[in-house]
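Here is what each chain is made of, one letter per residue.
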Amino acid sequence: VTLSAWHIASINKYPLWQKFLLAGVLVVMFDLNLEQFASAYGLWSWQGGVIPLYNYICWFVVAQLWFFVFHKFAPKFEPSLYVVSALPLMAIFFWLMLVIS
């Protein structure tokens, strides 16, 4: 998820802080979809049935740490079409599974 978000954010020549922000937002948006899917299919549940804001904050923070690693150890790379497409395809799959259920 984080690698795909980082590749998507790196397609354009945004300033570094905007890449970090965009990629973090993409990860959290994906998690919004994932949480609904996982709850609907009984993969996990939250106390009281409410997903805490803390969950999304943690996703954002952990993603930022991974983005730092990607930037530090692979600063110059060409975004891969395969990696770029992974995140949207997973999100579409989870959304369609929600529609079906």
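Everything that follows concerns the structure shown earlier in this document.
Worth saying up front: this structure is predicted, and the values here are computed from it rather than measured. Within each chain, residue numbers correspond to sequence positions counted from 1 in written order. With pLDDT at 70 or above as the cut-off, local features in this predicted model cover only qualifying residues; side-chain atom pairs require 80 or more to be listed or tallied, and sums for whole chains, interfaces and linings still use all residues. Side-chain calculation: all heavy atoms of the structure are included, whereas hydrogens and water are not.

### Here we look at helix H1 (residues 2-9)
Of all the eight residues making up H1, six are buried; the element is thus mostly covered by neighbouring parts of the structure. Only heavy atoms matter for contacts: two residues are in contact if any of them lie within 4.5 Å across the pair. Each helix corresponds to a stretch of at least 4 residues labelled H or I by DSSP, and each strand to a stretch of at least 2 residues labelled E; elements are numbered beginning at the N terminus. Where H1 is buried, its residues touch helix H2 (16-40), helix H3 (53-73) and helix H4 (81-100). We call a residue buried when its accessible area falls under 20% of the maximum for its residue type, exposed when it is over 50%, and partly exposed in between, using a 1.4 Å probe and counting protein chains only.

### Regarding the nonpolar core
Here, nonpolar core means buried Ala, Val, Leu, Ile, Met, Phe, Trp, Tyr and Cys residues that are tied together by side-chain atoms lying within 4.5 Å of each other. In this structure, Ala5, Trp6, Ala23 and Phe67 are the most contacted members of the largest nonpolar core, which totals 15 residues. Those elements giving two or more residues to this core turn out to be H1, H2, H3 and H4. A per-element tally of this core places H2 first, with seven residues. Sequence-distant contacts of Trp6, that is, excluding residues within four places in its chain, are made with Leu16, Lys19, Phe20, Ala23, Phe67, Phe70, His71 and Phe77.

### Structural notes on H3
Count 3.6 residues to each turn of an α-helix, and residues three or four apart come out pointing the same way. By this rule the span expected of a helix is its residue count minus one, scaled by 1.5 Å. Here H3 is 21 residues long and its end C-alpha atoms lie 31 Å apart, about the 30 Å a rise of 1.5 Å per residue gives. Among the structural elements, H1 and H2 are those in contact with the buried residues of H3.

### Remarks on the packing of H1 against H2
At a minimum axis separation of 8 Å, H1 and H2 run at an interaxial angle of 135°. Between H1 and H2, the angle is such that the two are oblique. The way H1 lies across H2 gives a crossing that is right-handed. The residues of H2 that touch H1, namely those facing Thr2, Ala5, Trp6, Ile8 and Ala9, are Leu16, Lys19, Phe20, Leu22, Ala23, Leu26 and Val27. Whenever a helix is involved, its axis is fitted only over the stretch in contact; in every case the axis is a line through C-alpha atoms, and angles between N-to-C directions fall within 0 to 180 degrees. Here roughly perpendicular refers to angles of 65 to 115 degrees, roughly parallel to angles under 35, roughly antiparallel to angles over 145, and oblique to all remaining angles. The hand of a helix crossing depends on one turn: near helix anticlockwise from the far one by less than a right angle means left-handed, and clockwise means right-handed.

### Remarks on the side chain of Asn55
With respect to the helices and strands, the residue Asn55 is situated in helix H3. Aside from chain neighbours lying at most four places away, what touches Asn55 is Asp31, Glu35 and Trp46.

### Thoughts on the packing of H2 against H3
For the pair H2 and H3, the least separation of the axes is 9 Å and the interaxial angle reads 135°. Between H2 and H3, the crossing angle belongs to the class labelled oblique. Seen from above, H2 lies across H3 with right-handed handedness. For the pair H2 and H3, the contacting residues are Leu16, Phe20, Leu21, Ala23, Gly24, Val25, Val27, Val28, Asp31, Leu32, Leu34 and Glu35 in the first and Asn55, Tyr56, Trp59, Phe60, Ala63, Gln64, Phe67, Phe68 and His71 in the second.

Note that all results are geometric; they support no functional claim without further evidence.
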